[in-house]
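Spelled out from the first residue to the last, the chains are:
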Amino acid sequence: MDILNWLYSKVSVKVKDTVSSPKDLIALGADVSYQKRGDKYQTYCMTVEDFLAGSAPTWGSITGSLPAQTDLQNALNAKQNLIAHLEWNDTDKTIWNNGKGNDGSNLSFGASAFSNNINGQNNTAIGNSALLSNVSGGRNTAVGGGALYSNLNSNENTAVGYYSLFTNSSGSANIAVGSQTLKSNTTGNFNTAIGFACLGANITGGNNVGIGAYSLAYNTASNNIGVGSQSLFNNTTGTGNTAIGQLSLQTNTAGTNNSAFGYGALLNNTTGCNNTAIGRGAMCGNTSGINNTAIGCYALKTNSVGCNNVAIGHNSGKTQQLLNNCVFIGANSDATTNNISNGVSI
């Protein structure tokens, strides 16, 4: 094969020629310098003729004459890897490549991003050390410094924000949007966290939904829903809880199957279970009472350990701390003394 024709087949842009954009120089697979002249860019590096003439040209780290076709072919083939995987750019301090692993389905941008991948496919890593540890995980999206940093082989995770899903190793199908969301998750699956530090302490819990800053911040359990800033903030082992509204079920730790709708609803509940509170401050004083239903602003506000009560209406059953099996219907319906059982107020 004629060496000159072979060389031109390998180099898609003639050097010492003009191109419309510096980006067109990537096709050369070489380190080049250029100077703008008018609306064009003129390159300054060796030509094919320089190669053949043996005039000791410089092409990246390749120097000196290469008269033998075998040496020339090996050198050019080595340089072609730059087209598939561009390395550190000292000018703008970034790395832009299509992902390590020689798979064009991956895209990474940022120092050390996606740098340990072996056979993972269809991943996107943007940010310093994003998806850094990924080996075989696929269909993951990491945007932000340290996003999905520890991911090894899990799939279909989306992390957007600094340190989001940082320690995730094998958890799959998680969505984390916001700085430090799901930061400590390792094996938990099917979690959705949107908001600063939302579900930040979750490790193995799955099927949780947290929306709002610090929502479910210390959660380690499964099947909880928190919508609103600091909703279910202190929950650790409680499961099956739904909190919608800022500070709703904020101090709950182990209580299960509670539903709180409204600002501060069931605010101080810790271990109480099977309670339903609808309205601002409804059952906000409950700590361990169970099987209560409060509908209305500040309904059953003060009840702390009483059980099996129903209060419907603004301020209904508001003032007493220990009520059992009582029913309050209507605004301001209440008991006159504490420690009452089986009472009815309408």
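Residues numbered from 1 in each chain as written. Predicted model: local features only at pLDDT ≥ 70, side-chain atom pairs only at ≥ 80, totals over all residues. Heavy atoms only, no water.

When you go through the protein chain residue by residue, the secondary structure sums to three helices and 24 strands. When burial is assessed residue by residue, the protein chain has 44% of its 346 residues classed as buried. If you take every contact in the protein chain between residues at least 6 apart in sequence, the share linking residues at least 24 apart comes to 5%. Within the structure as shown, the protein chain displays about 15,300 Å² of accessible surface, and the carbon and sulfur contribution to it stands at 54%. (Helix = DSSP H or I, 4+ residues; strand = E, 2+ residues; numbered from the N terminus. Buried < 20%, exposed > 50% of the residue type's maximum accessible area, 1.4 Å probe, protein only. Contact = heavy atoms within 4.5 Å. Areas by Shrake-Rupley, 256 points an atom, 1.4 Å probe, with all protein chains shown as cover.)

The subject of this paragraph is unusual backbone geometry. Located in the positive-phi region is serine 112, a residue other than glycine, with phi close to 65 degrees. In this structure, serine 112 sits in the loop between strand S8 (107-109) and strand S9 (124-126). The phi angle at leucine 131 is positive, at roughly 50 degrees, despite the residue not being glycine. Relative to the assigned elements, leucine 131 resides in the loop between S9 and strand S10 (141-143).

Here the protein chain shows a mean pLDDT of 80. Residues at 70 or above account for 70%. In the model, residues 23-37 has pLDDT below 50 throughout and makes 40 contacts with residues more than four positions away in sequence or in other chains. The low-confidence segment residues 92-96 (pLDDT under 50) makes 17 contacts with residues lying over four places distant or belonging to another chain. (pLDDT = per-residue confidence, 0-100.)

All right, on to the side chain of asparagine 117 then. Counting through the fold element by element, asparagine 117 comes out in the loop between S8 and S9. From its side chain, asparagine 117 meets the backbone nitrogen of glycine 120 in a polar contact 3.2 Å long. Separated by 2.9 Å, the side chains of asparagine 117 and asparagine 134 make a polar contact. (Polar contact = N/O pair within 3.5 Å; in protein donor to acceptor, adjacent residues only side chain to side chain.)

Our next topic: a nonpolar patch on the surface. Side chains of Ile244, Phe261, Ile278, Ile295, Ile312, Ile329, Val344 and Ile346 sit close together on the surface and give an oily, nonpolar patch of about 700 Å² of accessible area. By secondary structure assignment, the location of isoleucine 244 is in strand S16 (residues 242-244). By relative accessible area, isoleucine 244 is classed as partly exposed at 36%. (Patch = residues over 30% accessible without salt bridge, like charges linked within 9 Å, V, L, I, M, F, W, Y side chains within 5 Å. Salt bridge = Lys/Arg side-chain N within 4 Å of Asp/Glu carboxyl O.)

Moving on to the environment of serine 169. Among the structural elements, serine 169 can be located in the loop between strand S11 (158-160) and strand S12 (175-177). In sequence terms serine 169 and threonine 186 are 17 residues apart; their C-alpha atoms lie 5.1 Å from each other. Setting aside its immediate chain neighbours within four residues, serine 169 contacts Ser150, Asn151, Leu152, Asn153, Ser154, Asn185 and Thr186.

Moving on, we get to the environment of isoleucine 203. For isoleucine 203, the location among the structural elements is in the loop between strand S13 (192-194) and strand S14 (209-211). Distance in space between the C-alpha atoms of isoleucine 203 and asparagine 219 is 8.4 Å, their sequence separation being 16 residues. With sequence-adjacent residues up to four places away left out, isoleucine 203 is seen in contact with Ser184, Asn185, Thr186, Thr187 and Gly188.

Working definition: an aromatic ring pair is given by the centre-to-centre distance plus the angle between the planes. Under the criterion given, the structure shown has six aromatic pairs. Cluster of aromatic residues (ring-pair linked, three or more members): Tyr149, Tyr162, Tyr163 and Phe166. Directly above the ring of tyrosine 298 sits lysine 301, whose terminal nitrogen or CZ lies 4.9 Å from the centroid. The ring of tyrosine 298 carries lysine 318 above its face, with NZ or CZ at 5.6 Å from the centroid. (Phe/Tyr/Trp six-rings, centres within 6.5 Å; stacked < 30°, edge-to-face > 60°. Lys NZ or Arg CZ within 6 Å of the ring centre and 35° of its normal.)

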